[in-house]
Amino acid sequence: MKTIKVVLVSLLIFALAACASADKKTKTDVLVIGGGGAGLVSAITAANAGKNVILVEKMSALGGNTIISATGITASDTKYHTESGISFTKEDHFKRTMETGKNLANPELVEILVNRSSDAIDWLTDLGLKLKVRSEKEPFWLVPVEGHYGSQLVGVLINEANQYKNLEVRTKTKAVKLEIEDGKVIGATVEDEKGTYVISAKSVILATGGLNNNPEMIAFYNEKYKNINTEMTTPGATGDGIVMALAANADLVDMQYFQVRPLSSNGDWYHERIIAAEDLSGILVNAKGERFVNETLAPKALAAEILKTDEHSAYAIFDNRVLNTPDGTKFFTKGKGVQANTIEELAALINIDAATLKKTIDDYNQGIDPFGRTVLGKVIEAPYVAVLTKPSNHYTMGGLKVNAQAQVIDKNNQPIPGLFAAGEVMGGLYGDGRVAGNNTLDDVVFGKIAGLSAIK
Ligand code: ADP
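Read on for a plain summary of the structure. As the structure is a prediction and not an experimental result, all values here were calculated from the model.

A separate point is the pairing of strand 9 (residues 195-206). Relative to strand 9, strand 1 (residues 27-33) is paired through 6 bridges, and the arrangement is parallel. Directly across from isoleucine 33, in strand 9, lies its bridge partner leucine 206. In this structure, the hairpin formed by strand 8 (residues 184-192) and strand 9 is closed by a connection of 2 residues. Pairing between strand 9 and strand 21 (residues 415-421): 3 bridges, direction parallel. The residue of strand 21 that forms the bridge with leucine 206 is alanine 421.

Written out as structure tokens, the structure is:
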């Protein structure tokens, strides 16, 4: 009886799977997993070479974290630099990238990124993205002539992808497992609303982004960031590509490094000078109303200390003088801060013991500091302000080990046949720090490399 039941259940599952795939192609040349910047670029590249491409995206819309990229794209020696007479050379670009990553990035990959940045910009311009050099002070960034960068970038990529009849996009379709035969990746199992089915492919490109929305996984790779807040990322960034590739024996690099900032609230990051600037600066207090840290620590170290508090958050307390700076006003307004004319009233608003908060602030104002700050400010001018702040992370520096052809490398240092990666899921380009704007450049540069390697 039991055996019959098992057989019937198996048949049912098989029938459902067949049903799910009946109306869909289940064979392609290139399967791209993930529809952010890197996935779109690699899919367009392979389609442009005449190959059949299926791109699966687990969310209902394309864009990933790429769509929330705010600043712009980093690039060097581009036509925009020539036209504006503002210089940012390949040498500058290489140096800045390596130094920001504390010289831990793979120089071979960084060199490719830098050398191809100008071509990447020409390509994006041809697709319709309108860019300009940000300023003489920040010549490394190309920013949109107007409007939001990430949404325009994703917009031109989607527009381009739509031109190819041989490129099919399937949203709400999540890859759950790579199919492997004799050590070669030959497709993936995917899930959609109707069921589970396999898409067979000559090559698979992982473009699943980072693990920014998976705090448990972040803590696994760096326990300092346990309980990190995820408000600076999008929902799809859960590390799926890493998990799937590990099952194919892929190797990882730099997984302990994340871009983390301590002062985050309601989807924004704020400048640490609110609590760290000379003279004007405020303090951080825990739920008891006590200081617990040297507020001038480097951002990542400060974030780790805030995460150690029972609440994994802190109140930034400052006075009217900080409130009147651009950083202070922004933090207060966007971070939904509260203000009061006395410390006691402020304490009541944030539900902290008034006597403790008063003593904490008096001690600080008198220069009493058990935490080793070399520069102390003062909290002395009403109104007094409190803003709840939670460290949050934004970018995964590490990822799958890849070579210059975007092939995923296994634990024996050999390319895994049929498996490629591009974008945030790959490691090696950053080490312990990211130049903002290099990430969408790497989506384009390594998206193109992965797309071309996948069709060879
Ligand atoms: P990148 O900049 O590297 O392109 P993004 O975060 O912009 O990274 O895009 C990654 C995309 O991959 C997101 O849209 C995310 O929802 C998607 N994704 C992540 N995991 C899967 C999965 N298992 N199957 C399909 N799509 C996925």
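So much for the structure itself; the text now carries on.
Right, let's get into unusual backbone geometry. In terms of backbone geometry, most residues other than glycine have negative phi values and most peptide bonds are trans. Omega for the peptide link from alanine 382 to proline 383 comes to 0°, which places this bond in the cis form. Inspection of the secondary structure puts proline 383 in the loop between helix 15 (354-365) and strand 17 (384-389). Although it is not a glycine, asparagine 227 adopts a positive phi angle of roughly 70°. Along the polypeptide, asparagine 227 turns up in the loop between helix 8 (215-221) and helix 9 (240-246). In this structure asparagine 227 comes out as partly exposed when scored by relative accessible area, which is 38%. Look at asparagine 351: it is not a glycine, yet its phi comes out positive at around 60°.

What follows deals with the sheet that holds strand 15 (residues 314-318). Spatial strand order, 14-15-17-16: 4 strands in an open sheet with antiparallel pairing. For this open sheet the edge positions go to strand 14 (283-285) and strand 16 (338-340), each flanked by a neighbour on one side alone. Each strand of the sheet is rotated relative to its neighbour by a mean of 30°, with strand direction disregarded. Direction of pairing for strand 14 relative to strand 15: antiparallel, over a ladder of 3 bridges. Paired with leucine 284 across the two strands is alanine 316, which belongs to strand 15. Against the sheet, helix 15 contacts strand 14 and strand 15, and its axis sits at roughly 150° relative to strand 14.

About the cut-offs
Residues numbered from 1 in each chain as written. Predicted model: local features only at pLDDT ≥ 70, side-chain atom pairs only at ≥ 80, totals over all residues. Heavy atoms only, no water. Pairing = 2+ DSSP bridges. Helix = DSSP H or I, 4+ residues; strand = E, 2+ residues; numbered from the N terminus. Buried < 20%, exposed > 50% of the residue type's maximum accessible area, 1.4 Å probe, protein only. Axes fitted to C-alpha atoms, helices over the stretch in contact; angles between N-to-C directions. Contact = heavy atoms within 4.5 Å.

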